[in-house]
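Here is how the chains run, residue by residue.
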Amino acid sequence: MSEGSISQEEIDALLSGVDVGGLGSSGSFTSAPDISIDVPTLQNFAGKIKDKLADIIKNMTEQDSTADSCTVESLDRDQLLAKIPEVCIAVMADYSAGLGGDHLFLMAPEFAKKLVGYINKEDNPELDDMGLSVISEVIASHSGAEITELSATGKLPGLATNPPEAVSQPKAMIRMPQGKFALFTYPVTVAGESYTIWEAVSSTVADGMAKALGGGQSAAPVEAAPMGGSSGFTSQPMMNAQPQMGMPQQMGMPMGGMQMGMPQQMGMPMGGMQMGMPQQMGMPMGGMQMQTPPNVQTLQFQNFAPSQGAGEQGNISLIMDVFMEMTVELGRTKKTIKEILGLGEGTIIELDKLAGEPVDILVNHKPIAKGEVVVIDENFGVRVTEILPALEHVGSAM
């Protein structure tokens, strides 16, 4: 994906509600438990690890590098989106052992290019696959330093992360932890220029880190469901409860009230309501006899019809600031290779549109409207004369 752009497939996936923020990861979003993040403990940890981050950058870039005071805060996705640039280099490094949860690093593309340029000794580096792999190596080294520090207490044996994987994406497409999470902000200076690295960990990871460091708080307690009320359960002991279930009558002992699943033996009468009780040896059974009806439910099928509900509106709001390529097509024609090779200055190429016929307006190479060509202060422009129906948009994308 190029910087600041988004493909048609990713737009379609967003509008259909598909998870497209995987960053190469197959994990899906999971709801985060209600865990209070121990910010002071993590703040103390960040103060120790920031200098190691500066040393890693200095050793890899061979440039003077320092790290200023790191801050730790508890926030959510919207608050993080307000801090980071429109396009980010995102590096996923989820924990694979010892801890479980999202672990994300973010930096501006300008900083990433500087790192790649210093490390690869390039003047104009590109954030291609090779460049992104360099960023992944920087983050892998920093994650290793964190693991060493967290494992020193012995409370997180075998702590490890997945291999970091870096991508360049618009911030709205980045997979972030759900609910409240901990954000580490590392201000760093490399070769006299100031940059920022953000590290976000889910609340479960943050709590596990804090506990390993001697702090941390447990998940909020879940209140037990009441035993009374409409559920029909009571707090009385089972031996005193009515009805009684599964207890056979023997030796002439009568059992009153509602009785379920109790065979009659030895001619003993059973009063009250009886359900599902077999009659044996011709013995009469008084009261009403009922068989438990089967549990019949209507099968519900998923509705696959396209909808324009609130979910779609919520998804499309994520990409309102993404730039898309808009082009105007004057016309087309087909030529043989021989004719193309014979083109020269002054050659006139006849197009398939008539003079005065509306031109096509395309977004991401998909037609959305028609218009007429105008001249605005010596520049060409186009006046929209017709918006194509939505069905034509869909048909052109198939």
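No experiment lies behind these values; they were computed from the predicted model shown.

Caption draft 1: Main features of the sheet that holds strand β16 (residues 366-376). The sheet built from four strands is open, its strands ordered β14-β15-β16-β17 with antiparallel pairing. The open sheet has two edge strands with one neighbour each: β14 (326-329) and β17 (379-387). Averaged over all pairs of adjacent strands, the angle between strand axes in this sheet comes to 40 degrees, irrespective of strand direction. Across eight bridges, the pairing between β16 and β17 is antiparallel. Following the sheet pairing, I376 is matched in β17 by N379.

Caption draft 2: Region of the structure containing a nonpolar patch on the surface. A cluster of nonpolar residues, L330, I340, L343, I349, L351, V373, V375 and F380, forms a patch on the protein surface that exposes about 790 Å² of accessible area. As for its position among the elements, I340 is in helix α8 (residues 337-341). The exposure class assigned to I340 is partly exposed, which follows from its relative accessible area of 46%.

Caption draft 3: A look at unusual backbone geometry. Unlike most non-glycine residues, E62 shows phi in positive territory, near 60 degrees. Topologically, E62 is positioned in the loop between α2 (39-61) and β1 (65-67). Note on E62: relative accessible area 58%, which makes it exposed. Positive phi, normally seen in glycine, also occurs at E378, with a value near 70 degrees.

Caption draft 4: Main features of the packing of aromatic side chains. Counting across every chain of the model gives two aromatic pairs. Here the aromatic rings of F184 and Y186 are separated by 6.3 Å at their centres, their planes lie at 10 degrees, and the arrangement is stacked. Under the relative-accessibility criterion, F184 is labelled buried at 0%.

Caption draft 5: Seen up close, the confidence of the model for the protein. Across the protein, the average pLDDT comes to 76, with 65% of residues at or above 70. Below a pLDDT of 50 lies the segment residues 16-32, which in the model reaches 31 contacts outside its immediate sequence neighbourhood of four places, other chains included. The low-confidence segment residues 218-287 (pLDDT under 50) makes 93 contacts with residues lying over four places distant or belonging to another chain.

Caption draft 6: Focus on helix α4 (residues 109-120). The end-to-end C-alpha distance of α4 is 16 Å, a good match for the 16 Å that twelve residues give at a rise of 1.5 Å each. Within the sequence span of α4, burial applies to P109, F111, A112, L115, V116, G117 and I119. Positive phi shows up at K121, right after α4, with a value of about 60 degrees.

Caption draft 7: Up close: the nonpolar core. Residues L42, M107, F111, I135, F184 and M209 are the most contacted members of the largest nonpolar core, which totals 49 residues. The set of elements that each furnish at least two residues to this core consists of α2, β3 (87-92), β5 (103-107), α4, α5 (129-151), β8 (181-190), β9 (193-202) and α6 (203-212). Those residues within four positions of F184 in sequence are excluded, and the remaining contacts are L42, F45, A46, C70, T71, V72, I197, W198, E199, V201 and M209. Core analysis: the next-biggest nonpolar cluster, separate from the first, contains 16 residues, L75, C88, M92 and W198 among them.

Rules used throughout
Residues numbered from 1 in each chain as written. Predicted model: local features only at pLDDT ≥ 70, side-chain atom pairs only at ≥ 80, totals over all residues. Heavy atoms only, no water. Pairing = 2+ DSSP bridges. Helix = DSSP H or I, 4+ residues; strand = E, 2+ residues; numbered from the N terminus. Axes fitted to C-alpha atoms, helices over the stretch in contact; angles between N-to-C directions. Patch = residues over 30% accessible without salt bridge, like charges linked within 9 Å, V, L, I, M, F, W, Y side chains within 5 Å. Areas by Shrake-Rupley, 256 points an atom, 1.4 Å probe, with all protein chains shown as cover. Salt bridge = Lys/Arg side-chain N within 4 Å of Asp/Glu carboxyl O. Buried < 20%, exposed > 50% of the residue type's maximum accessible area, 1.4 Å probe, protein only. Phe/Tyr/Trp six-rings, centres within 6.5 Å; stacked < 30°, edge-to-face > 60°. pLDDT = per-residue confidence, 0-100. Contact = heavy atoms within 4.5 Å. Expected span 1.5 Å × (residues − 1). Core = buried A, V, L, I, M, F, W, Y, C linked by side-chain atoms within 4.5 Å.

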